[in-house]
Amino acid sequence: MIKATLPVLLLALTSTFAKYIPKTGRRIPQTLSRGWGDQLIWAQTYEEALYWSRSRNKPLMVLFHLEDCPHSQAFKKVFSEDDKVQKMLDEDFIVLNLMYETTDKHLSPDGQYVPRILFVDPSMTVRADINGRYGNRLYAYEPTDMGLLFSNMEKAKKLLKSEL
């Protein structure tokens with residue numbers, strides 16, 4: 001009896017605590033992930049991310065953060081552990097995380113703060129209409145905002161299909 005239930009119990013435990021694994025199998029963690037999603041393929045520069053977005057016809061998600069910012073660290077922990085977000089990013093988005101500001105002023109429409117997430121469609125248009133819940137920091141997200149982030153990611157995908 002115990003021998004028969006042990007494999008079932010082990011399978012249940014591993015599926016409960018397993019992190020998202022891409023369809024193509026486990027990937028070697030990239031240093032570009034900086035802990036935000038080791039199984040994701042991250043663009044190295046904004047220019048590279050724009051090229052990938054345009055050539056693959058996928059929206060780009062740009063994540064601004066700082067390594068020593070407590071808000072960024074708290075958000076990173078929740079972000080990297082959210083399997084729904086990680087799966088959608090892997091399958092439907094080009095991703096870039098930056099610890100510095102770009103020269104493109106469109107990526108800081110309401111200021112330079114972290115953590116901040118902006119979406120850019122393949123036509124290289126920054127989607128200023130996809131924002132967070134704060135009036136004074138339109139593109140800021142906190143650990144409790146993962147549902148809103150997922151909803152905004154779905155919105156970015158729908159806009160891609162309906163507008164482009």
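See above for the structure.
Residues numbered from 1 in each chain as written. Predicted model: local features only at pLDDT ≥ 70, side-chain atom pairs only at ≥ 80, totals over all residues. Heavy atoms only, no water.

### Examining the sheet that holds strand E3 (residues 116-120)
Then, in step 1: Here we have three strands laid out as an open sheet, ordered E2-E1-E3, and mixed in their pairing. The open sheet has two free edges, formed respectively by strand E2 (94-98) and E3, since each of these has just one partner strand. Neighbouring strand axes in the sheet, compared pairwise and without regard to direction, differ in orientation by 20° on average.
Then, in step 2: Bridge count between strand E1 (residues 60-64) and E3: five bridges; the pairing is antiparallel. Across the sheet, residue leucine 63 finds its bridge partner in E3, namely isoleucine 117.
Then, in step 3: Set on the sheet, helix H2 (residues 46-56) makes contact with E1, E2 and E3; between it and E2 the angle comes to about 170°. (Pairing = 2+ DSSP bridges. Helix = DSSP H or I, 4+ residues; strand = E, 2+ residues; numbered from the N terminus. Axes fitted to C-alpha atoms, helices over the stretch in contact; angles between N-to-C directions. Contact = heavy atoms within 4.5 Å.)

### Remarks on the pattern of salt bridges
Then, in step 1: A complete count under the given rule lists nine salt bridges for this structure.
Then, in step 2: A salt bridge links aspartate 129 to arginine 127; its shortest N-O distance comes to 2.9 Å.
Then, in step 3: The class for aspartate 129 is partly exposed, based on a relative accessible area of 42%.
Then, in step 4: Its relative accessible area of 12% is what places arginine 127 among the buried residues.
Then, in step 5: A salt bridge links arginine 133 to aspartate 145, with the shortest nitrogen-to-oxygen separation between them at 2.6 Å. Of this pair, arginine 133 sits in the loop between E3 and helix H5 (146-163) while aspartate 145 is found in the loop between E3 and H5, placing the two residues twelve residues apart along the sequence.
Then, in step 6: One network of salt bridges, in which partners are shared, links Asp121, Arg127 and Asp129. (Salt bridge = Lys/Arg side-chain N within 4 Å of Asp/Glu carboxyl O. Buried < 20%, exposed > 50% of the residue type's maximum accessible area, 1.4 Å probe, protein only.)

### Brief notes about the packing of helix H3 (residues 70-81) against helix H4 (residues 83-92)
Then, in step 1: Where H3 contacts H4, the axes come no closer than 5 Å and their chain directions differ by 75°. On the basis of their axis angle, the class for H3 and H4 is roughly perpendicular. Of the residues in H4, those touching H3 at Phe79, Ser80 and Glu81 are Asp83, Val85, Gln86 and Leu89. (Parallel < 35°, antiparallel > 145°, perpendicular 65-115°, else oblique.)

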